[in-house]
Protein chains: 2
Amino acid sequence: MKFTIDRKYFYNQLSIVSRAISSFSPLPALSGICINVQDDHIVLTGSDSNISIRSHIYKGEENQLQIASTGSIVLESRYLLEIIHKIESTIVELEVMDFELVRITSTNGKFNLNGMEASQYPNIDFDQPSNMIELSKYTLSQIVSQTAFACSENDQRPVLSGVNFAAKDGYLYCSGTDSYRLARKTITLNENANFNITIPSKSLQEVVRSLSEDIDKVQLYIDSKKAQFVFGKTIFQTRLLDGTFPSVEKIIPTSSVASMVVDAHELASVIDRTNFIRNDKVHLVKLECSPEIVRIKTNSTEIGSSDEVLTDCMYKGDNLTLTCNGSYILDAIRALSGSKVDLEFSGDMRPIRILNPEDDSIVIVVVPVRSYD
Amino acid sequence: MKFTIDRKYFYNQLSIVSRAISSFSPLPALSGICINVQDDHIVLTGSDSNISIRSHIYKGEENQLQIASTGSIVLESRYLLEIIHKIESTIVELEVMDFELVRITSTNGKFNLNGMEASQYPNIDFDQPSNMIELSKYTLSQIVSQTAFACSENDQRPVLSGVNFAAKDGYLYCSGTDSYRLARKTITLNENANFNITIPSKSLQEVVRSLSEDIDKVQLYIDSKKAQFVFGKTIFQTRLLDGTFPSVEKIIPTSSVASMVVDAHELASVIDRTNFIRNDKVHLVKLECSPEIVRIKTNSTEIGSSDEVLTDCMYKGDNLTLTCNGSYILDAIRALSGSKVDLEFSGDMRPIRILNPEDDSIVIVVVPVRSYD
C-alpha cells in the first residue's frame, strides 16, 4: 500500500470518518481508521459498531491522489489525525513498510506509525437498503435541532432515546419524547414512502455535524435494521432502536382553553435568569396568567425566590396557574426559533402546546408538574 | 442595609472579588461575597482563606451609588453574580428584608435571595505591610507568564509550587522551578527593597486575571506572612509559601560548549506535532546536533517514531546528542515569546539554557533526561 494525496483533503476525509470512532471502543481495531487502497480509489472506514462512516476518495484534481500500490491497514485514529493535521506539507505520502508499520512522509520529516492488519477490522455491512427518501441539508438539520433535544437521556426505555421517523400518506412525522415533553416536526415528502423507524438521537446529531458546507441533499436509505445517510462520497449509517415508539398523536391536545402569545426573547430571559433557583436540581417555574397580567415566579426554600411580570405578552382565556420545568420551556423556545411563541393551554395540569405562530411544521408539548407551594 | 447602584459596575466589582472564592470553600460563609455598606461606600470581600480580595466602591458618577441605609450581609457568590448579570436593568436595588433575606429589585421583577449574617464571615486581616515596590501591569503580567509555568504542580515540596520574588541590590529576581526546569526573570527596581518571599503561582495567575484594562500600575506590599497587590480600588492579598527556596544561581550554567539559534515557530511546530509519541506519558524528544544538520527524533515502541530536520537553524560547537522533555521546550519557547530561540548547551547531560536573543531579562534552564535507546 502506497499513495500520495493532498494533505488538507485527506485530513477532511479522515475527520469525517473519525466521527464514528469512540474513545471507548468495544474492539481495539475500532479505535482506528481502516484505510483500504484500491486501484483507482481509497476507502476510509470508521465505526463504533453503532455508527459506521465510510468515505470514498476517487482520484481527482482536488485531492491529487496518486496510487502506487494497493493494500490496506488500520491506523489509530487520533494519532493519524494529529500527524496529518500538524505536518506542514501540501502533499503527504503514506506507505506500509514491513508488517504493520506505516511511513508518513512530508517535506522535512517522516513519521512511522504502528498500525494493525486490516484483517482484524470487523466486516461492516454497508449494503444499501432499498427504501429511500431525499431531504435537503436544511430540512434534515431542522428535524434534528427541533426534535432531538426532547429525547430521553437515560436508558430506561431505549426507544425514547431516539427520534421516531414515520412516513405515511406523503408526510414524514419526526417525533422525540422523554414522556414529559414531546417535539414533533412534520415534513411533506416527494416520495410515497411508508416506514416507521427510530434513529438514536446521538446518531442524528453526528450526521448533522458531518454535513460539510458543499452538501445540498442527503439521501436516507432505510430498512428494519439500519438507516443510511448518503451525501457526497460519504455513507453514514446507524443502527436503529428496537421497541415500539409511543403513538404521539394521542398526547398532543387538540383543543385549548386559553392561549398566550409572548415575545420569545423576553420569556426566555425571564426563565433563564432564575435558572439557579432550583428544587432538588429541578428548575420549576410557576406561570400565573390572567388577561390583565402574566407573572412568572420561582421559589426554593433553600435559595430564594423570584417574581417577574411579562411586558410583551397577550393572554386570552380564564385565569390559570401552572407550574412547569423551566428548562423544558427554554428548550422549546430555542427549538421553535421564532420571534414569538404561542402557548396553548388545555387546562389545569393538562399538556401545554408550544408553537411558533409563523411555522406550523413544528409542535412542542410540555406536561406541567404538580406544585405543592 | 439598602442601596441602589449601576448594575454593570456592580457586576464587575462582584466578579473581581468572586475570583478569590473557591467552589470547595473550607467554611460555608466563604462561598459567599460579604457586602458591607457604610455611610459613603461599600466594601465587597471574597476569600478562600488563601487568597482574599477586597474592593471598595465609593459614590461616584460611574457607579450611581445611592446608600439609603448601612449594614452588611453575606450572599452566595454564584447566585448573586447570576442575578446581577442576567437582569435587564440599568440600576439595581439591594435591600436586607427581615433577617437574612435580601431583596434585589430590577425594572420588571424582584428576587429574594437567602443570605447569611455577616457575623459568620471570618475576620480577614487586610492591614497593609510597610515594604512596597511598584510594578507596571505589563511587567507583572510578564513575570507571571514567564515564570509561573515552571513551578511544580505537585505538593511534595510546597515551596516549589510558587514563584520566588527576591529583591536585592536594586534588582528583583523572580524564579519558578519544579527542579527539572527553571525560569528566571530579572527586573530593575526603582525602590531599594530587600526581601525574599515565595508567592503561590495560582495566586499570581489570579492577580493577573483580575487586572482590568484601565489598570496601569500595581503596588506590591510585602511582609513575612502575606503579599498584597493593590490596584485601583482593589486589594488582592495572598498568603506566602513557607520553606526555603533553592538557590537558583547555582543551577544556571555560566558557560556553554555549543549553541543553537533556531526559528522559534519551526522548533515549536516540529516538537508539537510529535506530542502524541510518548513513553509512559512523557513526550521525549532527542536532539541530534551537528554544524551540518540538526535532527529532532522521537521514538515510542508502542506508538511509532518520527525524524525531522530543522531548516532555519544555526548550530555552533561539537556534535551533541541530547534527550529532553518536549513539553518543557515548548513551554520555554512560549514563555520567551521571541521569533528566535537560543539554546546554549553546557555538555552531555548538563542543563541547557534557553534564551531569547532579543531579551536578556529572562533565562530558562531545562535539564536533559537519560535516554536508553
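Residues numbered from 1 in each chain as written. Chains lettered and ligands numbered in written order. Predicted model: local features only at pLDDT ≥ 70, side-chain atom pairs only at ≥ 80, totals over all residues. Heavy atoms only, no water.

### Quick look at the relation of the copies chain B and chain A
Note the threshold: A residue counts toward the fit only if its pLDDT is at least 70 in both copies, and the copies are then superposed by least squares on the C-alpha atoms of those residues. We call two residues in contact when some of their heavy atoms are within 4.5 Å.
Rotating chain B by 180 degrees about the axis while translating it 0.0 Å along that axis superimposes it on chain A, leaving an RMSD of 0.0 Å. What we have between these two chains is a two-fold relation. If distances are taken from each C-alpha of chain B to the rotation axis, the shortest is found for serine 23 of chain B, at 15 Å. A shared binding surface is used by both copies, with 100% of the interface residues of chain B retained as interface residues in chain A.

### Looking at the pairing of strand 2 (residues 32-37) of chain B
Residues and elements named next belong to chain B. To keep things clear, this is the line we draw: Type-normalised accessible area, obtained with a 1.4 Å probe on protein chains alone, sets the label of each residue: buried when under 20%, exposed when over 50%, and partly exposed for intermediate values. The helix count covers DSSP runs of H or I at least four residues long, the strand count covers runs of E at least two residues long, and both are numbered beginning at the N terminus. One requirement defines pairing of two strands: DSSP has to find at least two bridges between them.
Most of strand 2 sits inside the fold, with five of its six residues counted as buried. Inspection of the sheet shows strand 2 paired to strand 6 (residues 71-76) by six bridges, in the antiparallel sense. Within strand 6, the residue paired with cysteine 34 across the bridge is valine 74. Strand direction decides the pairing type here: strand 2 and strand 3 (residues 41-47), joined by four bridges, are antiparallel. When the bridges of strand 3 are listed, cysteine 34 appears paired with threonine 45. Between the end of strand 2 and the start of strand 3, which pair antiparallel, lie three residues.

### Looking at the nonpolar core
For soluble globular proteins, the rule of thumb is that nonpolar side chains tend to be buried together. We apply this condition: For the purposes of this section, nonpolar cores are sets of buried Ala, Val, Leu, Ile, Met, Phe, Trp, Tyr and Cys residues that join through side-chain atoms within 4.5 Å.
Counting residues in hydrophobic clusters, the biggest one holds 68 residues, and the most contacted among them are Ile35 and Leu94 of chain B. Among residues more than four places away in sequence, those in contact with isoleucine 35 of chain B are Met1, Phe3, Phe10, Ile42, Val43, Leu44, Gly71, Ser72, Ile73, Leu75, Leu80 and Leu94 of chain B. Among the nonpolar cores identified, the runner-up in size contains 67 residues, and Ile67, Ile104, Ile133 and Ala148 of chain A belong to it.

### Some remarks on the pairing of strand 17 (residues 234-239) of chain A
Residues and elements named next belong to chain A. Among the six residues that make up strand 17, five are buried, leaving the element largely enclosed by the rest of the structure. Judged from the five bridges that link them, strand 4 (residues 51-58) and strand 17 form a sheet pairing that is antiparallel. Bridge pairing in strand 17 places serine 55 opposite threonine 234. As paired elements, strand 16 (residues 226-231) and strand 17 share six bridges and run antiparallel to each other. In the strand pairing of strand 17, phenylalanine 229 is matched with phenylalanine 236. The turn linking strand 16 back onto strand 17 is made up of two residues, and glycine 232 within it adopts a positive phi angle of 55 degrees.

### Some points on the interface of chain B and chain A
For clarity, the cut-off: Two parts placed together each lose some accessible area under a 1.4 Å probe, and the buried area is that loss summed for both. Any carboxyl oxygen of Asp or Glu within 4 Å of a side-chain nitrogen of Lys or Arg constitutes a salt bridge here. In protein, a polar contact requires one atom able to donate a hydrogen and another able to accept it; more generally it is a pair of N or O atoms within 3.5 Å, and residues adjacent in sequence count only if both atoms are side-chain atoms. Polar here means any residue other than Ala, Val, Leu, Ile, Met, Phe, Trp, Tyr, Cys and Pro, which are nonpolar, and Asp, Glu, Lys and Arg, which are charged; Gly is therefore polar.
Listed by partner, the interface residues are 31 residues for chain B and 31 residues for chain A. Around 2700 Å² of area is buried between chain B and chain A when both sides are counted, 48% of it from carbon and sulfur atoms. The three residues of chain B that bury the most area against chain A are Asn108, Arg273 and Phe276 of chain B, which together make up 23% of that side's buried surface. Linking chain B to chain A there are six salt bridges. Of the charged contacts in the structure, one is a salt bridge between glutamate 88 of chain A and arginine 273 of chain B, with a shortest N-O distance of 3.8 Å. One can count 16 residue pairs in polar contact (both at pLDDT 80 or more) joining chain B with chain A. Elements supplying a minimum of two residues to the side of chain B that touches chain A: helix 2 (77-86), strand 9 (109-116), helix 5 (264-272) and strand 21 (304-309) of chain B. Across the side of chain B that touches chain A, the residue classes tally to eight nonpolar, 14 polar and nine charged.

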